[in-house]
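# Coordinates in review
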Amino acid sequence: MLKSIRNSLILTSLLYVVLGLVLLMMPGLSLGFACLFIGGVTIFYGVVRIVAYTRGGVNGDKLDLFIGVLLVLLGLFLLIWTRFLVALIPLVLGIYILVDSVGSLKKSLDMKALGFGQWWISCLVAVALAVCGLVMILNPFATVEALVMFIGLGFVIDGVFTLVNTLLFERLSR
């Protein structure tokens, strides 16, 4: 495995574990912060685009003005109606974990092809992650905090699993 890809996978795995632990330990604070952050960044970028338009004077790009106003409105929407964003988070993260688990499933099958005797453990974890992703998409929990904690747990499991899988795959590829 290329060293840069390996290092990237290891770093990403560690970041997933840290993010997962933060979500597990502070679900309410994490969710509120995420909503404020995303809405604030969207408004900021919209203002930047509007300023770019006004600095252009007569030759200003009208697309900058249009996108800027649209982003400011979207940011305000996200700040005012955080429930919309909160409903979107489990769907997006569930899709992400589901897609990532398909990649992990392929890695476990690669491990089988390389003759690793315990490839099935990796396969079972990938299937469990796929189930977690599906649950996040199809049946969000009654409270958002419980869902955020579930997402955090998914990130911890995914991070640890990807880290272990990367190290095992590298060892088997030698």
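Being a predicted model, the structure only gives us computed values, none of them experimental.

Glancing now at the overall build of the protein chain. Along the backbone of the protein chain there are six helices and zero strands. Its helices and strands in sequence order give the protein chain the pattern α-α-α-α-α-α, from N to C terminus. For 174 residues, the compact-globule estimate of 2.2 N^0.38 gives 16 Å, and the protein chain exceeds it by more than 25% at 21 Å. Its C-alpha atoms give the protein chain principal-axis dimensions of roughly 70 × 40 × 25 Å. For the protein chain, the proportion of its 174 residues judged to be buried stands at 33%. A total of about 10,600 Å² of accessible surface is found on the protein chain, and carbon and sulfur atoms cover 77% of it. The positive charge centre, built from 11 side chains, and the negative charge centre, built from 7, are 5 Å apart in the protein chain.

Inspection of the entire model under this criterion finds four aromatic pairs. Look at Phe33 and Phe37: their rings are 5.9 Å apart centre to centre, the planes differ by 20°, and that puts the pair in the stacked class. Of this pair, Phe33 and Phe37 both sit in helix α2 (residues 27–55), four residues apart, which is roughly one turn of that helix. Residue Phe33 is classed as exposed on the basis of its relative accessible area of 55%. By the ring-pair criterion, three or more aromatic residues cluster together here, those being Tyr16, Tyr96 and Phe155.

With that out of the way, let us pick up the layout of surface pockets. Volume-wise, the largest pocket comes out at about 300 Å³. Surrounding the largest pocket, 15 residues form its lining, Leu23, Leu31, Ala34, Ile89 and Leu93 being those nearest its centre. Breaking the lining of the largest pocket down by element, the ones donating at least two residues are α1 (3–25), α2, α4 (82–113) and α6 (144–173). For the lining of the largest pocket, a count of residues per class yields 14 nonpolar, one polar and no charged.

Side chains three or four residues apart in an α-helix point the same way, a direct result of the helix having 3.6 residues per turn. The terminal C-alpha atoms of helix α3 (residues 62–80), which comprises 19 residues, lie 27 Å apart, in line with the 27 Å expected from a rise of 1.5 Å per residue. When α3 is considered as a whole, its buried residues turn out to be Asp64, Gly68, Leu71, Val72, Gly75 and Leu78. Considered in projection along α3, the buried side chains sweep an arc of 125° and stay on one side of the axis. More than 90 degrees from the buried face of α3, the exposed residues found are Lys62, Phe66, Leu73 and Ile80.

Taking 1.5 Å as the rise per residue, helix α5 (residues 119–138) with 20 residues should run 28 Å; its terminal C-alpha atoms sit 29 Å apart, in good agreement. Taken together, the buried positions of α5 are occupied by Ser122, Cys123, Ala126, Leu129, Ala130, Cys132, Gly133 and Met136.

Below, the discussion takes up the side chain of Ser104. With respect to the secondary-structure elements, Ser104 resides in helix α4. Other than its neighbours up to four places away in sequence, Ser104 contacts Ser122, Ala126, Phe161 and Asn165.

The next thing to look at is the pattern of salt bridges. A complete count under the given rule lists two salt bridges for this structure. Between Asp64 and Arg49 there is a salt bridge, with the nearest N and O atoms lying 2.8 Å from each other. One end of the pair, Asp64, is in helix α3; the other, Arg49, is in helix α2, with 15 residues separating them in the sequence. Taking relative accessible area as the criterion, Asp64 reaches 15% and is therefore assigned buried. With a closest N to O distance of 2.8 Å, Asp110 and Lys106 form a salt bridge. With Asp110 and Lys106 both in helix α4 and four residues apart, this pair spans about one turn of that helix.

Moving on: the environment of Met149. Among the secondary structure elements, Met149 is positioned in helix α6. The sequence separation of Met149 and Lys107 amounts to 42 residues, and the corresponding C-alpha distance is 27 Å.

What counts and how
- Residues numbered from 1 in each chain as written.
- Predicted model: local features only at pLDDT ≥ 70, side-chain atom pairs only at ≥ 80, totals over all residues.
- Heavy atoms only, no water.
- Helix = DSSP H or I, 4+ residues; strand = E, 2+ residues; numbered from the N terminus.
- Rg over C-alpha atoms; globule rule 2.2 N^0.38 Å.
- Buried < 20%, exposed > 50% of the residue type's maximum accessible area, 1.4 Å probe, protein only.
- Areas by Shrake-Rupley, 256 points an atom, 1.4 Å probe, with all protein chains shown as cover.
- Lys, Arg positive; Asp, Glu negative; His and termini not counted.
- Charge placed at Lys NZ, Arg CZ, Asp CG, Glu CD.
- Phe/Tyr/Trp six-rings, centres within 6.5 Å; stacked < 30°, edge-to-face > 60°.
- 1 Å grid on protein atoms, 1.4 Å probe; cavity = no way out; pocket = protein on both sides within 12 Å on 5 of 7 lines; lining within 4 Å.
- Points joined across faces, edges and corners; volume = space filled by probe spheres on them.
- Nonpolar A, V, L, I, M, F, W, Y, C, P; charged D, E, K, R; others polar.
- Expected span 1.5 Å × (residues − 1).
- Arc of directions from axis to C-beta.
- Contact = heavy atoms within 4.5 Å.
- Salt bridge = Lys/Arg side-chain N within 4 Å of Asp/Glu carboxyl O.

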